[in-house]
Amino acid sequence: MSKTAETEGALEIRGIEQVPDHERTARTRELFPTWVGANISVLLLTMGASLVVAYRLNFWQALVVAAAAPVVSYGLVGLIGIAGKRGGAPGMALSRAVFGQRGNLLPGSLIWIARWGWETINAVTGAYAVLTVLDIVFGVEANSVLDMVTLLAFVVATFAISGLGINAVQKCNKYATYLFGAFSVLVLGYLIVDTDWSAVFDRSAGSVAAMITGVGLIAAGGVSWIPSAPDFTRYLPRTASSKGIVGVTVGGAGIVVLPMVLMGMIMAVSTPDLASAADPVSFLGEILPTWIAVPYLLIALIGMLLINSMSMYSAGFTAQTLGFKIPRHWAVLVNAVISLFFGGVLMLVATSFMGSFIAFLSLLAVAFSAWVGVFGADMLRGREYDGEAMADTTRTSAYWYRGGLSPAAVVAWAVGLVAGLMFTTSDWLTGPLATNNFVGEYGLGWVATVVISGLLYAVLPKPALVVPAASSEQSERTAEPVTV
């Protein structure tokens, strides 16, 4: 991002407050490496393998899934990102305008907790990458103590990057994009030469239902970024192109997701147990020669660091909106400690990483989608965001509504969330409507959540927006209720 008065130092000091217009000098194209970096994950390889092993898709079906998933999920990321340039604040701060100062605590708490899981998965994957490199290069076998040491090192490095702020995150993303692109071409070239392509193309086709479910599986990772989208667009000027924001977001994600999912699919044809491996990384040491596997794993490690750094960066804002009266970088530390604890549990106790991961993704998508439906429907109504009202958490705030919440937003969010879970199937939860209907059988619980919460919010009566007469920015307006 372009440097501003608040961010030109090593440590970003701006929190959830609205960014002044004179500091919003970023450029839309700078979002490209952000969303490239958000997808540099070997988990995409294992998900691509699952399309073959679990969903029984052929190459062409996997190609369609890998192309459609980032368009669907990161299309939504880009659309919600438009709110960032409108309001100049992080997503969960803007959410106060929709749910009310107290009402926002409900979706905010759930999203914050869901981030614990996402960051735990990423931290564990990064630790496994370190363990695999140690095994390949030095012959050091993993054990419980080494597991915890590598996990701790990964979480500390993540905190260091995300704690510094947006400049550090963006700069790391930029260089990682070049490195990842170069080594991915190398891996792809090796696969082209080494793969038995007749085995790849001779596979029979799977069902349409499996394809749609596969899109949901791959898209779930993108859905998790939707509430964070404004966090990375709030330094864009109000005049930034909305179409450009969406296009660059989808392009940055798609250029990574498509080839990595296809590479995972190709690898799984010759190594079917890839999709059910004990960890999501060590298989690379078996499939690829050492001279490719080691540098590629190191690049993947950097990618996982960046993904977790971006997530923790946003989680710090979420913690602040929940009432943590601490600077942003210390709010980030709270999530770092939590991910360290749950990461240790996952590495030492869980018997199936991928099983836990896929179950988590299905629930994660629903948890985020309920907020997306309400917030997105509100955006479509042309919402403008009042910085003073967002910062004012007392009864004097224009976003206090009724008792501190917007009944329409809270009810729509809750109903959408419950409905989505009822249509969802995972190893951890099977809803009563998960079978014998199109939505449940095609894995569209998260889509149902977006639609139901959005439509319900659109039709419910909205509370009046009362603009305080004392507000300096609103002095020329009346204090009469205005329906929004």
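Just so it is clear, the model here is predicted, and its values are computed rather than measured.

Engineer: Describe in detail the overall build of the protein, supporting the description with residues and values.
Structural biologist: Each helix and strand in the protein was counted, giving 19 helices and 2 strands. Computed over the C-alpha atoms, the radius of gyration of the protein is 22 Å, within 12% of the 23 Å expected from 2.2 N^0.38 for a compact globule of 484 residues. For the protein, the spread of C-alpha atoms along the principal axes amounts to about 70 × 55 × 40 Å. Contacts in the protein between residues far apart in sequence, at least 24 positions, make up 85% of those at least 6 positions apart. As displayed, the protein has an accessible area near 18,500 Å², and 67% of this comes from carbon and sulfur atoms. Computed over 25 positive and 28 negative side-chain charges, the inter-centroid distance for the protein is 10 Å.

Engineer: Requested: an account of the nonpolar core, with residues and values cited.
Structural biologist: General note: in soluble globular proteins, nonpolar side chains tend to be found buried as a group. With 141 residues, the main nonpolar core has W35, W225, L288, Y296, W371 and F375 as its most contacted residues. The element that contributes the greatest number of residues to this core is helix α13 (residues 290-321), accounting for 16 residues. Those residues in contact with L288 that lie beyond four places of it in its chain are V187, Y190, M267, A293 and Y296. Residues W116, A319, L322 and I338 belong to the second largest nonpolar core, which totals 7 residues.

Engineer: Account for the pattern of salt bridges, naming residues and giving values.
Structural biologist: When the charged atoms of two side chains with opposite charge come close together, those side chains can pair. With the rule as written, the count across this model stands at 4 salt bridges. A salt bridge links R24 to D21, with the nearest nitrogen and oxygen atoms 3.5 Å apart. Exposure remark for D21: the relative accessible area of 47% places this residue in the partly exposed category. Notably, a salt bridge pairs D378 with R381, separated by 3.7 Å at the nearest N-O pair. Given a relative accessible area of 41%, R381 falls into the partly exposed group. By sharing partners, the salt bridges in this structure join D21, R24 and R238 into a single network.

Engineer: Account for unusual backbone geometry, with residues named and values stated.
Structural biologist: Phi at R56 is positive, roughly 55°, even though this residue is not glycine. If you trace the backbone, R56 turns up in the loop between α2 (43-53) and α3 (59-87). On the accessibility criterion, R56 (58% relative accessible area) is exposed.

Engineer: Tell me what's going on with the packing of helix α6 (residues 105-138) against helix α17 (residues 407-422), and back it up with residues and numbers.
Structural biologist: The contact between α6 and α17 brings their axes to 10 Å, and the two run at 40°. On the basis of their axis angle, the class for α6 and α17 is oblique. Together, L106, P107 and L110 of α6 and V410, W413 and L417 of α17 make up the contact between the two elements. Class assignment for the residues of the contact of α6 with α17 results in 6 nonpolar, no polar and no charged.

Engineer: Please give an account of the packing of α3 against helix α11 (residues 242-270) that cites residues and values.
Structural biologist: One way to put it is that α3 packs onto α11 with a least axis distance of 7 Å and a crossing angle of 150°. By the angle class used here, α3 and α11 are roughly antiparallel. By crossing handedness, the relation of α3 to α11 is classed as right-handed. Residue composition of the contact of α3 with α11, grouped by class: 21 nonpolar, 6 polar and 1 charged.

Engineer: Pulling in residues and values, what's your account of the environment of F317?
Structural biologist: Position of F317 relative to the elements: it lies in helix α13. In this structure, the C-alpha to C-alpha distance between F317 and A93, residues 224 residues apart in sequence, is 7.8 Å. Among residues more than four places away in sequence, those in contact with F317 are R14, G15, I16, P90, D231, R234 and R328.

Engineer: Requested: an account of the packing of aromatic side chains, with residues and values cited.
Structural biologist: This model, assessed by the stated rule, comprises 16 aromatic pairs. Here the aromatic rings of W197 and F201 are separated by 5.7 Å at their centres, their planes lie at 25°, and the arrangement is stacked. Here F201 and W197 lie together in helix α9 (residues 197-201), a separation of 4 residues that amounts to about one turn. Of the residues examined, W197 reaches a relative accessible area of 27% and is grouped as partly exposed. F201 gets classed as partly exposed once you look at its relative accessible area, which sits at 38%. With centroids separated by 5.1 Å and ring planes inclined at 75°, the aromatic side chains of F341 and F342 adopt a geometry described as edge-to-face. Classification of F341 as exposed rests on a relative accessible area of 53%. One aromatic cluster in this structure is built from W35, Y74, W225, F232, Y313 and F317. One cation-aromatic arrangement involves K462 over Y457; the distance from NZ or CZ to the ring centre is 4.8 Å.

Engineer: A description of the confidence of the model for the protein should follow, citing residues and the corresponding values.
Structural biologist: Here the protein shows a mean pLDDT of 84. Residues at 70 or above account for 90%. In the predicted structure, residues 470-484 sits below a pLDDT of 50 and forms 20 contacts with residues beyond four places in sequence or in another chain.

Engineer: So what about the environment of A370? Which residues, and what values?
Structural biologist: As for its placement among the helices and strands, A370 is situated in helix α15 (residues 353-380). Classification of A370 as buried rests on a relative accessible area of 0%. In this structure the C-alpha to C-alpha distance between A370 and L456, which are 86 residues apart in sequence, comes to 11 Å. Excluding its chain neighbours within four sequence positions, the residues that come into contact with A370 are W413, L417, T449 and S453.

Engineer: Tell me about the side chain of T449, and name the residues and values.
Structural biologist: Structurally, T449 can be placed in helix α19 (residues 445-459). Classification of T449 by relative accessible area gives buried; the value is 0%. The contacts of T449, once residues within four sequence positions are left out, are V366, S369, A370, G416, L417 and G420.

What counts as what
Every residue gets a number counted from 1 within its own chain, in the order that chain's sequence is written. Two thresholds apply to this predicted model, a pLDDT of at least 70 for residue-level local features and 80 or more for giving and counting side-chain atom pairs, whereas whole-chain, interface and lining totals are computed over all residues. For the side-chain quantities, the full set of heavy atoms in the structure was used; hydrogens and water were omitted. Helix numbering and strand numbering both begin at the N terminus, where a helix is a DSSP run of H or I of at least 4 residues and a strand a DSSP run of E of at least 2. Radius of gyration here is computed from C-alpha atoms only, and the compact-globule reference equals 2.2 Å multiplied by the residue count raised to the power 0.38. Contact definition: two residues touch when any of their heavy atoms are within 4.5 Å. In these tables, accessible area is a Shrake-Rupley quantity obtained with a 1.4 Å probe, and a residue counts as shielded only by the protein chains included in the view. For the purpose of charge, His is not counted, nor are the chain termini; Lys and Arg are scored as positive and Asp and Glu as negative. Positions of charges follow a simple convention, taking NZ of Lys, CZ of Arg, CG of Asp or CD of Glu. Here the nonpolar core consists of buried residues drawn from Ala, Val, Leu, Ile, Met, Phe, Trp, Tyr and Cys, with membership extended through side-chain atoms lying within 4.5 Å. Three labels apply to residues, based on accessible area from a 1.4 Å probe with only protein chains included: buried if under 20% of the type maximum, exposed if over 50%, partly exposed otherwise in between. Any Lys or Arg side-chain nitrogen found within 4 Å of a carboxyl oxygen on Asp or Glu counts as a salt bridge. Angles here are taken between N-to-C directions and fall from 0 to 180 degrees, while the axes themselves are lines fitted to C-alpha atoms, restricted in helices to the stretch in contact. Each angle gets one of four labels, with under 35 degrees taken as roughly parallel, over 145 as roughly antiparallel, 65 to 115 as roughly perpendicular, and the rest as oblique. Charged means Asp, Glu, Lys or Arg here, nonpolar means Ala, Val, Leu, Ile, Met, Phe, Trp, Tyr, Cys or Pro, and polar covers whatever is left, Gly included. A crossing counts as left-handed when the near helix is turned anticlockwise from the far one by less than a right angle, and as right-handed when that turn is clockwise. Two rings belonging to Phe, Tyr or Trp (six-membered ring only in the last case) form a pair when the distance between their centres is within 6.5 Å. Interplanar angles under 30 degrees mark stacking, angles over 60 mark edge-to-face geometry, and anything in between is tilted. When the NZ atom of lysine or the CZ atom of arginine is within 6 Å of a ring's centre and also within 35 degrees of its normal, the charge is said to sit over that ring. The predictor reports its confidence for every residue as pLDDT, a score running from 0 up to 100.

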